[in-house]
Amino acid sequence: MTSARLSRPLTGTLAILFVGAILALDLARTGAPDLFSAPSAIALGSGAAPEGAHCSGN
């Protein structure tokens, strides 16, 4: 007897479909994000002086 095995392309396709289903479920439950209120992807600093803790420069 031979055991049933998943081929590599089938496994990859199932994985992509699984991730897509999770993304679709998340989008359906929470709605699309508001891109205008989201923080920037790369934040190089706010320009404000640091306060407290070890990075205050005191």
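Above this text you will find the structure in question.
Residues numbered from 1 in each chain as written. Predicted model: local features only at pLDDT ≥ 70, side-chain atom pairs only at ≥ 80, totals over all residues. Heavy atoms only, no water.

Turning our attention to the overall build of the protein chain. If you tally the helices and strands in the protein chain, you get one helix and zero strands. Burial analysis of the protein chain (58 residues in total) assigns 0% to the buried set. Accessible surface for the protein chain amounts to roughly 5,900 Å². Of this, 65% is attributable to carbon and sulfur atoms. (Helix = DSSP H or I, 4+ residues; strand = E, 2+ residues; numbered from the N terminus. Buried < 20%, exposed > 50% of the residue type's maximum accessible area, 1.4 Å probe, protein only. Areas by Shrake-Rupley, 256 points an atom, 1.4 Å probe, with all protein chains shown as cover.)

Below, the discussion takes up a nonpolar patch on the surface. Together, L6, L10, L14 and L17 make up an exposed nonpolar region whose accessible area comes to about 390 Å². Here L17 lies in helix α1 (residues 8–30). L17 sits in the exposed class, given a relative accessible area of 55%. (Patch = residues over 30% accessible without salt bridge, like charges linked within 9 Å, V, L, I, M, F, W, Y side chains within 5 Å. Salt bridge = Lys/Arg side-chain N within 4 Å of Asp/Glu carboxyl O.)

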